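Observations on chain architecture
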Number of protein chains: 2
Amino acid sequence: METVGQKIRAKRESMGLLLRQVASYLNIDQAILSKIERNERKTNKDIILKLAEVLEFDKEDLLVQFISEKIAYEIANEDCADKVLKAAEQKVKYLKSNLVKI
Amino acid sequence: METVGQKIRAKRESMGLLLRQVASYLNIDQAILSKIERNERKTNKDIILKLAEVLEFDKEDLLVQFISEKIAYEIANEDCADKVLKAAEQKVKYLKSNLVKI
DNA sequence: AATTTTCTTGACATAATTTGTCAAATATAA
DNA sequence: TTATATTTGACAAATTATGTCAAGAAAATT
């Protein structure tokens, strides 16, 4: 299963872009981007969205992959990971039902 | 939908325990426990597990509620929250399949 | 093979967040 | 009122996130 970092690197290379070029667009050091691509450094929503722009990914798709990857790594070591996700679904449904203001 | 904080407070009061007593068991200041119960302060897995002990909750149940609540609040403001959870399920399955060492 | 270019690594710095402490203010019970 | 319990907010310490830089390693070019 391909990580977001791997997707980014593959797409960047297929577009013939250098680390330095993409990093400059993102206003970050190329060292950071290098680490993000190799999953050696966490990143955040803002950077993911800018990466989607410059690398022509669908923004929502990349965001979904990014957030779900983060969550998966957070809970994969728990026995109850599956229960957690089922319970989270219910809670999200509840929170989105306008009964609650966050 | 009851939050973990609310469950804790309800159980603590039903058991006739004071903030100070439970907090001392947890080795935290009672001010922190007060805030945890009112969702004014984030907590962590260790404290949740100790709370399960002293308040006689099933540890896994409380942990599932705690983690799922955290995830739900993190993503409830995203349009794609549901997609995220579905994708996270797949990734967890993959990570747990021993194909990957985290 | 030598040079240039790109990428990686790690030490360091800064900012943001988490976590804890404390005491005064407030609320509740006796 | 008086005593007890809880809440609040200012502050500090610890941890984590984020960024900078330059030297070393790897890859591409000449």
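Each remark here, short or long, concerns the structure printed above.
Predicted model, so just to flag it, every value in this text is computed and none were measured. (Residues numbered from 1 in each chain as written. Chains lettered and ligands numbered in written order. Predicted model: local features only at pLDDT ≥ 70, side-chain atom pairs only at ≥ 80, totals over all residues. Heavy atoms only, no water.)

1. Some points on the overall build of chain A
The following threshold applies: Comment: elements are numbered from the N terminus, with helices defined as DSSP H or I runs of at least four residues and strands as E runs of at least two. The atom set for the radius of gyration is the C-alpha atoms, and the globule formula is 2.2 Å times the number of residues raised to the power 0.38. Only protein chains enter the area calculation, which uses a 1.4 Å probe; residues under 20% of their type maximum are buried, those over 50% are exposed, and those in between are partly exposed. Residue contacts are defined here by distance: any two heavy atoms, one from each residue, within 4.5 Å place the two residues in contact. Residue burial considers only the protein chains on display, and all accessible areas are found by Shrake-Rupley using a 1.4 Å probe.
Each helix and strand counted, chain A has 6 helices and 0 strands in total. When its helices and strands are written in sequence order, chain A yields α-α-α-α-α-α. The C-alpha atoms of chain A give a radius of gyration of 16 Å, which is well past the 13 Å a tight globule of 102 residues would have. For chain A, the spread of C-alpha atoms along the three principal axes comes to 45 × 30 × 20 Å. A buried classification covers 45% of the 102 residues belonging to chain A. Of the contacts formed within chain A by residues at least 6 apart in sequence, a portion of 46% connects residues at least 24 apart. Total accessible area computed for chain A in this model is approximately 5800 Å², and 48% of it derives from carbon and sulfur atoms.

2. Some points on the protein's contact with DNA strand D
Put simply, the rule is: Only heavy atoms are used to decide nearness, and a residue is near a molecule or strand if one of them lies within 4 Å of it. In protein, a polar contact means a hydrogen-donor-capable atom and an acceptor-capable atom, both N or O and within 3.5 Å, with residues adjacent in sequence counting only if both atoms are side-chain atoms; elsewhere, any N or O pair within 3.5 Å suffices. Classification convention: Asp, Glu, Lys, Arg as charged; Ala, Val, Leu, Ile, Met, Phe, Trp, Tyr, Cys, Pro as nonpolar; all other residues, Gly among them, as polar.
Taken together, 17 residues form the shell around DNA strand D, and within it A:Arg41, B:Arg9, B:Arg20, B:Ser34 and B:Arg38 come nearest. When atoms of DNA strand D within 4 Å of the protein are sorted by moiety, sugar and phosphate together comprise 55%. Here A:Arg41 contributes a side-chain N or O atom positioned 2.4 Å from a base nitrogen of DNA strand D. A:Asn44 places a side-chain nitrogen or oxygen 3.4 Å from a phosphate oxygen of DNA strand D. If you list the elements that add at least two residues to the surface near DNA strand D, you get α3 (30-37) of chain A together with α1 (4-14), α2 (19-26) and α3 (30-37) of chain B. Take the surface near DNA strand D: its biggest share by element is 4 residues, from α3(B). Partitioning the surface near DNA strand D into residue classes produces 5 nonpolar, 3 polar and 9 charged.

3. Overview of helix α4 (residues 45-54) of chain A
Residues and elements named next belong to chain A. When we look at burial in α4, the residues that qualify are Ile47, Ile48, Leu51, Ala52 and Val54. Structurally, α4 contributes buried residues whose contacts are with α1 (4-14), α2 (19-26), α3 and α5 (59-75). Its side-chain oxygen at 3.2 Å from the backbone nitrogen of Asp46, Asn44 defines the N-terminal cap of α4. Phi turns positive one or two residues past the end of α4, at Glu56, with a value near 55°.

4. Comments concerning the pattern of salt bridges
Cut-off, in case you're wondering: Within this document, salt bridges are pairs made up of a side-chain nitrogen of Lys or Arg and a carboxyl oxygen of Asp or Glu, the two lying within 4 Å of each other.
Tallied over the entire structure, the rule returns 14 salt bridges over all chains. Between A:Glu78 and B:Lys45 there is a salt bridge, and its shortest N-O distance comes to 2.8 Å. Residue A:Glu78 is located in the loop between α5 and α6 (81-96), and its partner B:Lys45 is located in helix α4 (residues 45-54); the two belong to separate chains. Residue classification places A:Glu78 among the buried residues on the basis of a relative accessible area of 9%. The class of B:Lys45 is partly exposed, set by a relative accessible area of 35%.

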